[in-house]
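# Residue-level structural notes
Here is what each chain is made of, one letter per residue.
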Amino acid sequence: MEDERPDALTIGRLAHRTGLPVRTLRFWSDEGLVPPAARTVGGYRLYDGESVARVELVRTLRELGLGLDEVRRVLSGRSTVAEVAEVHVAALDAQIRSLEVSRAVLATVSKRGSTAEETALMNRLARLSAAERKQIIDEFKVEVFGGLHGDSRLYDRMSTFSIDLPDDPTPEQVDAWIELAELVRDPGFRTRMRTMLELSTPSPGNARPPGASIWWARHIVQRVGEVRAGGVAPEEPAAADLPSELFADTDRAAVLVCLEAGIEAGAERYRGLVARVRGQYASPDASGELDWLARALRFAGRA
């Protein structure tokens, strides 16, 4: 009896000592996790100091996410805490990745004000397997880069250029992937990108076309940016000499055609998204500079 065991704790005193509800301790006791050390003549459970330590261990394991069966294995010695912890680390890593994907989708939905249908699509895109993501990109590469003027070198380079999420992507990378996947699956975007590349890819045995310099030379963007930063408008006399400086005697009408094709395609948006998905630094978006240059070329062509 309790009076005969001054160290004995009723379940109520055990609850007071550990700070846990009586109903929780009773459940754990019924499940065999914290068996009573003894019982009173009337059948009431009694616990002791070892019971308090056992309750603390069970509480710790439960707070770490272990199930009842796993707790039993640890308490019985069939599994060590380290072994169970290793399994849970892997499970938690997977759960964290899933939560990050969910967070990225919800952040994108909030930013765009998406409809229910758009939200469902974005969620599916974000949760595609690596093989499914690769298939989307490969189909895009074949349609946009394949067989350009019979020049296989560009396609070969693009085929080996990986565009995919890492195993542990950041929310920003997931967000960029959602946007990129939507973009490259758009038939209109594919057509516009193909047109731009055809205008800027040399045919076998010929020099690069005039417009190629727009999309493969960043110094052009830098130079336009310097002029823009000075507050010069593309229609001002101060901007008149820039096309000559950049393109010399090149056919500026052809340059403008390629430039406009790239702007219409959204080539800068595509470039930035690819860099974000891959977790790489991307030079600042040059859409403003390219728009400025297009206006300057149009104005110079009319002058």
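The rules behind the values
Residues numbered from 1 in each chain as written. Predicted model: local features only at pLDDT ≥ 70, side-chain atom pairs only at ≥ 80, totals over all residues. Heavy atoms only, no water. Helix = DSSP H or I, 4+ residues; strand = E, 2+ residues; numbered from the N terminus. Buried < 20%, exposed > 50% of the residue type's maximum accessible area, 1.4 Å probe, protein only. Contact = heavy atoms within 4.5 Å. Areas by Shrake-Rupley, 256 points an atom, 1.4 Å probe, with all protein chains shown as cover. Core = buried A, V, L, I, M, F, W, Y, C linked by side-chain atoms within 4.5 Å. Pairing = 2+ DSSP bridges. Axes fitted to C-alpha atoms, helices over the stretch in contact; angles between N-to-C directions. Parallel < 35°, antiparallel > 145°, perpendicular 65-115°, else oblique. Left-handed = near helix turned anticlockwise from the far one by under 90°. Nonpolar A, V, L, I, M, F, W, Y, C, P; charged D, E, K, R; others polar.

## Observations regarding the overall build of the chain
Along the backbone of the chain there are 16 helices and three strands. Counting across all 303 residues of the chain, residues that qualify as buried make up 39%. Look at the contacts in the chain between residues 6 or more apart in sequence, and 64% of them connect residues 24 or more apart. For the chain, the exposed area adds up to about 16,800 Å²; of that, 53% sits on carbon and sulfur atoms.

## Observations concerning the nonpolar core
By size, the foremost hydrophobic cluster in this structure holds 26 residues, and its most contacted members are Phe140, Trp177, Leu180, Val184, Phe189, Met193 and Tyr270. Elements that contribute at least two residues to this core include exactly α7 (130-145), α9 (171-184), α10 (187-200), α14 (252-265) and α15 (267-277). Ranked by the residues each element gives to this core, the list is headed by α9, at six residues. Not counting residues up to four positions away in its chain, the partners in contact with Met193 are Val144, Ala265, Ala267 and Tyr270.

## Remarks on the sheet that holds strand β1 (residues 9-10)
Taken together, three strands build an open sheet; the order of strands is β1-β3-β2 and the sheet is antiparallel. Two strands bound the open sheet, and with one partner strand each, they are β1 and β2 (38-39).

## Notes on the side chain of Asp175
Here Asp175 is to be found in helix α9. The class for Asp175 is buried, based on a relative accessible area of 10%. If we ignore the near neighbours within four places in the chain, the residues touching Asp175 are Ala104, Thr108, Lys111 and Arg276.

## A word on the packing of α7 against α10
The N-to-C vectors of α7 and α10 enclose an angle of 45 degrees; their axes lie 9 Å apart at closest approach. Between α7 and α10, the angle is such that the two are oblique. Note that α7 runs across α10; the crossing there is right-handed. Contacts between α7 and α10 involve Ile136, Glu139, Phe140, Glu143, Val144 and Phe145 on the former and, on the latter, Phe189, Arg190, Met193, Arg194 and Leu197. Considered class by class, the residues forming the contact of α7 with α10 number seven nonpolar, no polar and four charged.

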